Structure formats: structure tokens, C-alpha cells
Amino acid sequence: NDVGTQYRSAFYPRTQEELEIIQKLVDSYDKKLAENGFGAMTTEVKLLGDTDSGEYYLAEDEHQQYLYKVPNGYCPHHSTGVRCD
């Protein structure tokens, strides 16, 4: 529904091992989405050290723990019906 890189999900792990685990999870969910007729995911996965700043910054408080605050809020499972487990 939302367009633009500010809406893209992203993972910025600190180690190569974490990156490989996360990439496998993202690839697995991408496959499930494709099997259910959805397009490719645009989730960015790269080492934190490979980002422009090399640092991690938390979003504003109102953006933290969104699904805890809004249990039926917008997320892939609610919008696609494809479970990510």
C-alpha cells in the first residue's frame, strides 16, 4: 500500500552469521509470498557496517513496537494472510 524506501523493511545485523540467518528467513518468506501470488519482497538486508552511517538509530517512540500498540495494524500477515512462521 505504501510506496517509497521509507516504508521498506530492513535488517542491519552486526555479523556475517546474523546476516546469513536473516537472509534465509527473508528468502523463505519471499518464497511463501510468491507461492500465494504476491510480488517479490523489497526488504533490505545488509551488514550494519555496510550502511552509509555504519550506525543504528531508533525511530521516534511513536514508531516503536507498532504491532504491540496496534495489534491489528498494518503488517504483512494481516494484509496478505501469509504467515511468516
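Residues numbered from 1 in each chain as written. Predicted model: local features only at pLDDT ≥ 70, side-chain atom pairs only at ≥ 80, totals over all residues. Heavy atoms only, no water.

Peer 1: So what exactly am I meant to see when it comes to the overall build of the protein here?
Peer 2: Counting its secondary structure elements, the protein contains three helices and two strands. Long-range contacts, defined here as pairs at least 24 residues apart, represent 60% of the contacts in the protein between residues at least 6 apart. With the model as given, the accessible surface of the protein reaches about 7,000 Å², and the carbon-plus-sulfur share is 50%. Charge centroids of the protein, computed over 8 positive and 15 negative side chains, lie 6 Å from each other. (Helix = DSSP H or I, 4+ residues; strand = E, 2+ residues; numbered from the N terminus. Contact = heavy atoms within 4.5 Å. Areas by Shrake-Rupley, 256 points an atom, 1.4 Å probe, with all protein chains shown as cover. Lys, Arg positive; Asp, Glu negative; His and termini not counted. Charge placed at Lys NZ, Arg CZ, Asp CG, Glu CD.)

Peer 1: Whenever I open this one, the nonpolar core confuses me. Can you help?
Peer 2: Listed in full, the five residues of the largest apolar core are Leu19, Ile22, Val26, Val45 and Leu47. The element contributing the most residues to this core is helix α1 (residues 16–35), with three residues. Dropping the residues within four chain positions of it, Val45 is found in contact with Phe11, Leu19, Ile22, Gln23 and Val26. (Core = buried A, V, L, I, M, F, W, Y, C linked by side-chain atoms within 4.5 Å. Buried < 20%, exposed > 50% of the residue type's maximum accessible area, 1.4 Å probe, protein only.)

Peer 1: Please clarify how α1 should be interpreted in this entry.
Peer 2: Every α-helix winds through 3.6 residues per turn, so residues three or four apart in the chain are directed the same way. A rise of 1.5 Å per residue sets the reference length of α1, with its 20 residues, at 28 Å; its end C-alpha atoms lie 28 Å apart and thus fit the reference within 8%. Listed as buried for α1 are Leu19, Ile22, Val26, Tyr29 and Leu33. Down the axis, α1 shows its buried residues gathered within 100° of arc, on one side only. Exposed and oriented more than 90 degrees from the buried face of α1 are Glu17, Lys24, Lys31 and Glu35. Phi for Gly37, located one or two positions after α1, is positive at around 85°. (Expected span 1.5 Å × (residues − 1). Arc of directions from axis to C-beta.)

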